[in-house]
Amino acid sequence: GATTFPMAGDPSPLMSYTDCKRGMQVYPKEGRVVIFYSLHPELQTQGGTDEASWHAGCDVLKGTKWAANFWITMKGVHPKDGGEQKKVVQEEREHVI
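## Here we look at the overall build of the protein
Okay, so step 1: Helices and strands together make up the secondary structure of the protein, namely one helix and three strands.
Okay, so step 2: Among the 97 residues that make up the protein, the fraction classed as buried is 15%.
Okay, so step 3: Pairs at least 24 apart in sequence give 50% of the contacts found in the protein among residues at least 6 apart.
Okay, so step 4: In the form shown here, the protein has an accessible surface area of approximately 8500 Å², with 57% of it arising from carbon and sulfur atoms.

## Quick look at the state of the cysteines
Okay, so step 1: In the structure shown here, the tally under the stated rule is one disulfide.
Okay, so step 2: Disulfide pairing is shown between Cys 20 and Cys 58; the S-S distance is 2.1 Å. Residues Cys 20 and Cys 58 share a disulfide whose torsion about the S-S bond is about -115 degrees; that sign makes it left-handed. Residue Cys 20 is located in the loop between β1 (3-5) and β2 (24-26), and its partner Cys 58 is located in the loop between β3 (56-57) and α1 (83-96); the two are separated by 38 residues in the primary sequence.
Okay, so step 3: Judged by its relative accessible area of 24%, Cys 20 falls in the partly exposed class.
Okay, so step 4: A relative accessible area of 12% places Cys 58 in the buried class.

## A few points about the sheet that holds β2
Okay, so step 1: Here we have three strands laid out as an open sheet, ordered β2-β1-β3, and antiparallel in their pairing. Lying at the two open borders of the sheet, with one neighbouring strand each, are β2 and β3.
Okay, so step 2: Bridge count for β1 against β2 is three bridges, and the pairing is antiparallel. Looking across to β2, one finds that Thr 3 is bridged to Val 26.

## Looking at the confidence of the model for the protein
Okay, so step 1: The predicted model of the protein has a mean per-residue pLDDT of 75, with 67% of residues at 70 or higher.
Okay, so step 2: Of all secondary-structure elements in the protein, the lowest mean pLDDT belongs to α1, at 47, while β2 reaches the highest, 92.
Okay, so step 3: The low-confidence segment residues 88-97 (pLDDT under 50) makes zero contacts with residues lying over four places distant or belonging to another chain.

What counts as what
- Along each chain, residues carry numbers from 1 onward, in the same order as the chain's sequence is written.
- With the structure being a predicted model, the display of local features is reserved for residues of pLDDT at least 70 and the display and counting of side-chain atom pairs for 80 or more, all residues being used for whole-chain, interface and lining totals.
- With hydrogens and water stripped out, all remaining heavy atoms of the structure feed into the side-chain values.
- The helix and strand labels rest on DSSP assignments: H or I over at least four residues marks a helix, E over at least two residues marks a strand, and numbering proceeds from the N terminus.
- The buried label goes to any residue with under 20% of its type's maximum accessible area, the exposed label to any with over 50%, and the partly exposed label to all in between, with areas taken from a 1.4 Å probe on protein chains only.
- Here, two residues are considered to be in contact whenever any of their heavy atoms come within 4.5 Å of each other.
- Exposure was quantified through the Shrake-Rupley algorithm and a 1.4 Å probe, taking into account, for residues, occlusion by the shown protein chains and nothing else.
- Counting rule for disulfides: a pair of cysteine sulfur atoms within 2.5 Å.
- Pairing between strands is defined by DSSP: at least two bridges between the two strands are required.
- Per-residue confidence from the predictor is reported as pLDDT, a score between 0 and 100.

Structure (structure tokens):
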């Protein structure tokens, strides 16, 4: 039941999240948590995603794995009204169409 970070240490194109041997794996241990940043420190305000933070859950082979998300937003990363964020999302949609 590891959490795998397939892009960590492996910048080659990601073809599947099902390969639990690629990149870095963090195995669950009772009482422990995994904390990671999803944005590049120098690009936080521009939404610079850190591809090494892309992750997936591998199959649980024994027992039960519990997961809970707790999202933390750093000050100044997201505008209060979301206006700039909405603009970026709209621009991305226009490029997809």
